Amino acid sequence: MPPIEDHPQRYATVNELHARPFPSLTVPCTAVLLAIKQPGNAAGRDRALDRMHLLDLLAREGSPQPAPEATHFFGTLGRASLKWESHTEFVTYTAFSPGVSSRPFDPAEADVFPDDWLAQAPGKRLTSAVIRVEQMPEDEHEMVRLAEAWFVPESLAMAWVVDRTAVVAGDFRIDAAGQIRFAVFVRPGTSGRRVGRIVQRLCEIETYRAVSMLGLLQARSLTTALNELDPRLSGLVTGLDHAEPSPEAALHDLLGISAELESLAVKYTFRFAGTAAYEAILTQRIQALREERIEGKQTFAEFMMRRYDPAMRTVRATERRLGAMAERAQRAAELLRTRVDVERSARSQQLLKSMDRRSDLQLRLQRTVEGLSVVAISYYAVSLLAYAAYPLGKLAGLSKEMLTALLVLPVILGVWLMVRRIRDHLHDDD
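We now turn to the structure provided with this report. Each chain carries its own residue numbering, running from 1 in the written order of its sequence. Per-residue local features of the predicted model are confined to residues with pLDDT of at least 70, and side-chain atom pairs are confined, for both listing and counting, to 80 or more; whole-chain, interface and lining totals are unaffected and use all residues. The side-chain quantities take in all heavy atoms of the structure and omit both hydrogens and water.

## Comments concerning the overall build of the chain
Link 1 in the chain: Secondary structure elements are defined from DSSP: runs of H or I of at least 4 residues count as helices, runs of E of at least 2 residues count as strands, and each element is numbered from the N terminus. Check the secondary structure of the chain and you find 9 helices and 9 strands.
Link 2 in the chain: What the globule rule says is 2.2 Å times the number of residues to the power 0.38, and the radius of gyration is computed from C-alpha atoms. Here the C-alpha atoms of the chain give a radius of gyration of 45 Å, more than 25% beyond the 22 Å that 2.2 N^0.38 yields for 430 residues.
Link 3 in the chain: Here the C-alpha coordinates of the chain stretch approximately 155 × 60 × 50 Å along the principal axes.
Link 4 in the chain: Counting all 430 residues of the chain, 40% fall into the buried class.
Link 5 in the chain: Put simply, 73% of the contacts in the chain that link residues at least 6 apart link residues at least 24 apart. Only protein chains enter the accessibility calculation, which uses a 1.4 Å probe; a residue whose area is less than 20% of its type maximum is buried, one above 50% is exposed, and one in between is partly exposed. Contacts are residue-level and defined by heavy atoms, with any inter-residue pair within 4.5 Å sufficient.

What follows is the structure in C-alpha cells.
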C-alpha cells in the first residue's frame, strides 16, 4: 500500500481486542479471585490508588510492573500467575497456582494475597472465590459425590460444559473462610487454553453476579422512598377536582414531589443501568459454557433463573415504577398548571369587567364635570365679555342686562366647542 498516516487510535483499538487473553492452565491448578470496589462513587474513584495497590503486590515478589495508565496486566506473582483488570467500578485480581491442596478448598490457598496487603486495599471486598481445577474421575458418580460433599446440596449447581470437556460445580455460598467455592473437573486431554476459558468464565460469572446484585439493595432502598412518596402523589392527583387545597398550593406540593423524584432518578439511574449491563454479561457468560445436565442436577442457568433472575426483575420493576411516578407527577403538574391558568384568566376577565364598569362611571362623571365646567366657564366668560362690551352696548342703546343676555348663548356654545375640542385632542393622542 502507498504510505498513509494511521489514525492516532488505530493501534490502541486493535490492541484492545487482544488485551485480555484467556490464561492457559495446566491440570490440576487453583485459581483465586478477588474483586475490590469502593462503596461510594466507585466510577469516579482515583484509579491511581488501584495502580499503587497493584505495584505494592508486585514489588513484594519482584515481579515486572504494568505499563503506565494500563487497565489490565498479566504477569507472575511468585509461583503463581496474576491477572489484574481495572473495570468501571471495581478491580479484579485473579491468581492461578499450579496444583491443588490435599484438603479441598483449604483457606491457605487464598494466602497468595497477603493479609496486610488486603488491609491496605483502596476499597472493600466485593467478592472472592477459590476455584479448584482437577482431573475428572473415571466414574461420573464419584464426581457427583465429591461435589455433594464439598458444596451445599440444596444450592449445588453442576453441569457438563463446553461440549462435555469439563464439569463445573458450585453453590454460590460464602464458606467459613469468606470464599465462594467452585470446582472444575477436566476431562483428560483438554487443552490448557480451553481450561483457562472455563475458569475465566466462572470468575466473570461470580464477579458480575456480585456487582449486579448491588442493584437489588439499591432497589429496596428506593422502594422505601417511593412508598413514602406514592400516597402523597396519589392524594394530590385525586384531589384535583376539589376546592381544597387551592390549585396554587397543590401545584407547589406537586412540584416538590417531582423534585424529589428527579433527585431519586439521578441517584439511582447509574446503578440500575450498571445492573442491566452486568446482568447481560453474566447471561452471556453462562450461555458460553453450553451447559448439559448431569445426573438431574440443576445447571448454572437454572440456578440463576430461580435465585438471580427474580432479583433482576425486582430491579427493573422498581426502575419502571420510578419512571412511571415521575411521569404521573409531570402529567398532574401540567393539569394543575392548566387549572391555575384557567382560574387566573377568569379572575383577569372579572378584573377587566370591573375596570370597564369603573371606566364607564368615570366617563359619566367626566361628562357631568364637563357640563358643569362649561356652565362655570361660561358664567365667568359672560361676565368678562359683558364688562368689555358694555361701552359698545351703551353706544348701541342696549342696557347692561340686554347685552349680557345676548352674550350668554354664544359664549356657552363657544366654551362647549372648546372643551369638546380639547377632549377630542386628548383622545387622539391616546
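## Describing the sheet that holds strand E1 (residues 29-37)
Link 1 in the chain: Here the rule is simple: two strands pair whenever DSSP picks up at least two bridges between them. Taken together, the 9 strands give an open sheet; going across it, the order is E2-E3-E4-E1-E5-E8-E7-E6-E9, and neighbouring strands pair in mixed fashion. This sheet does not close on itself; its edge strands, each paired only once, are strand E2 (72-77) and strand E9 (292-293).
Link 2 in the chain: The pairing of E1 with strand E4 (residues 90-98) spans 9 bridges and is classified as antiparallel. Bridge assignment links Ile36 to a residue of E4, and that residue is Val91.
Link 3 in the chain: Sheet contacts for helix H5 (residues 192-238): E1, strand E3 (80-86), E4, strand E5 (124-135), strand E6 (157-161), strand E7 (166-174) and strand E8 (180-186); angle to E5, the most-contacted strand, approximately 155°. Helix axes are fitted to C-alpha atoms over the stretch in contact, other axes to C-alpha atoms as well, and angles between N-to-C directions run from 0 to 180 degrees.

## Section: the environment of Ala288
Link 1 in the chain: With respect to the helices and strands, the residue Ala288 is situated in helix H6 (residues 247-289).
Link 2 in the chain: With 283 residues separating them in the primary sequence, Ala288 and Glu5 have C-alpha atoms 39 Å apart.

## Notes on H5
Link 1 in the chain: Here the expected span of a helix is defined as 1.5 Å times the quantity of residues minus one. Taking 1.5 Å per residue as the helical rise, H5 with its 47 residues ought to reach 69 Å, and the 66 Å between its terminal C-alpha atoms agrees with that figure.
Link 2 in the chain: Bend angle per residue: angle between axes fitted to the 7 residues ending at that residue and the 7 residues starting there. For H5, the principal kink sits at Leu229 and spans about 25°; a proline, Pro231, occurs within the next four residues.

## Some points on the pattern of salt bridges
Link 1 in the chain: Take a side-chain nitrogen of Lys or Arg and a carboxyl oxygen of Asp or Glu: if they are within 4 Å of each other, that pair is a salt bridge. In this structure the tally under the stated criterion is 20 salt bridges.
Link 2 in the chain: Here Glu204 and Arg285 are joined by a salt bridge, their closest N and O atoms 2.3 Å apart. With Glu204 in helix H5 and Arg285 in helix H6, the pair connects residues that are 81 residues apart, well separated along the chain.
Link 3 in the chain: Residue classification places Glu204 among the buried positions, given a relative accessible area of 15%.
Link 4 in the chain: Of the charged contacts in the structure, one is a salt bridge between Arg209 and Glu206, with a shortest N-O distance of 2.7 Å. Of this pair, Arg209 and Glu206 both sit in helix H5, 3 residues apart, which is roughly one turn of that helix.

## A few points about the packing of aromatic side chains
How two aromatic rings sit relative to each other is given by the distance of their centres and the angle of their planes.
Link 1 in the chain: Pairing of aromatic side chains requires ring centres within 6.5 Å, counting the rings of Phe and Tyr and the six-membered ring of Trp. Pairs whose planes differ by under 30 degrees are stacked, by over 60 edge-to-face, and all others tilted. In the structure shown here, the tally under the stated rule is 14 aromatic pairs.
Link 2 in the chain: Taking 5.1 Å as the distance between ring centres and 85° as the angle between the ring planes, the aromatic pair formed by Tyr93 and Trp117 counts as edge-to-face. Taken together, the residues span a long stretch of sequence, with Tyr93 in strand E4 and Trp117 in helix H3 (residues 115-119) at a distance of 24 residues.
Link 3 in the chain: Note on Trp117: relative accessible area 0%, which makes it buried.
Link 4 in the chain: Note on Phe172 and Phe300: the rings are 5.6 Å apart at their centroids and 70° apart in plane angle, and the pair reads as edge-to-face. Highlighted residues: Phe172 in strand E7 and Phe300 in helix H7 (residues 300-307), separated in sequence by 128 residues. Take Phe172 and Phe300: they sit in the same class, and that class is buried.
Link 5 in the chain: What links up through ring pairs into an aromatic cluster is the set Phe105, Trp150, Phe151 and Phe185.
Link 6 in the chain: For a lysine, the NZ atom is tested; for an arginine, the CZ atom; a charge sits over a ring if that atom is within 6 Å of the ring centre and within 35 degrees of the ring normal. In this structure, Arg10 is placed above the aromatic ring of Tyr11, and the distance from its NZ or CZ to the ring centre is 5.6 Å.

## Points about the side chain of Lys83
Link 1 in the chain: Assignment of secondary structure puts Lys83 in strand E3.
Link 2 in the chain: Buried within the structure, Lys83 lacks any salt-bridge partner; Glu85 is the closest side chain of opposite charge, at an N-O distance of 4.5 Å.
Link 3 in the chain: Counted as a polar contact is a pair of N or O atoms within 3.5 Å, where, for protein atoms, one must be capable of donating a hydrogen and the other of accepting one, and residues adjacent in sequence contribute only when both atoms are in side chains. A polar atom in the side chain of Lys83 sits 3.4 Å from the side chain of Gln200. Working convention for charge: Lys and Arg count positive, Asp and Glu count negative, and His plus the chain ends are omitted.

## Some points on unusual backbone geometry
Excluding glycine, a negative phi dihedral is what most residues carry, and trans is how most peptide bonds are arranged.
Link 1 in the chain: Going from Val27 to Pro28, the amide bond is cis rather than trans, its omega being 5°.
Link 2 in the chain: A positive phi angle, close to 55°, is found at Phe105, a residue other than glycine.
Link 3 in the chain: If you trace the backbone, Phe105 turns up in the loop between E4 and H3.
Link 4 in the chain: For Phe105, a relative accessible area of 5% gives the class buried.

## Some details on the environment of Phe73
Link 1 in the chain: Summarising the element assignment, Phe73 is placed in strand E2.
Link 2 in the chain: According to the relative accessible area criterion, Phe73 is buried, its value standing at 12%.
Link 3 in the chain: Other than its neighbours up to four places away in sequence, Phe73 contacts Leu54, Leu58, Pro64, Gln65, Pro66, Leu82, Lys83 and Trp84.

## Considerations on the pairing of E6
Link 1 in the chain: Among the 5 residues that make up E6, 5 are buried, leaving the element largely enclosed by the rest of the structure.
Link 2 in the chain: Alternating positions in E6 separate into two faces, Ala157, Ala159 and Val161 on one and Met158 and Trp160 on the other, with burial throughout.
Link 3 in the chain: In the sheet, E6 pairs with E7 via 5 bridges, with the strands oriented antiparallel. Considered in E7, the bridge of Ala157 is made with Gly170.
Link 4 in the chain: If you look at the hairpin formed by E6 and E7, you'll find 4 residues sitting between the two strands, and Val162 has a positive phi there, around 50°.

## With respect to the nonpolar core
A general trend in soluble globular proteins is that nonpolar side chains are found buried together.
Link 1 in the chain: Note on terminology: a nonpolar core comprises buried Ala, Val, Leu, Ile, Met, Phe, Trp, Tyr and Cys residues joined through side-chain atoms within 4.5 Å. Counting residues in each nonpolar core, the largest one holds 63 residues, and the members touching the most others are Ile131, Val184 and Val199.
Link 2 in the chain: For this core, the leading source of residues is H5, giving 16 residues.
Link 3 in the chain: Beyond its immediate chain neighbours, meaning those up to four positions away, Val184 contacts Ile131, Arg132, Val133, Glu134, Ala166, Val167, Val168, Ile198 and Leu202.
Link 4 in the chain: In terms of nonpolar packing, the next biggest core, distinct from the first, is built from 36 residues, Leu34, Phe73, Leu82 and Phe185 among them.

Without other data, these values stay purely geometric and don't point to any function.
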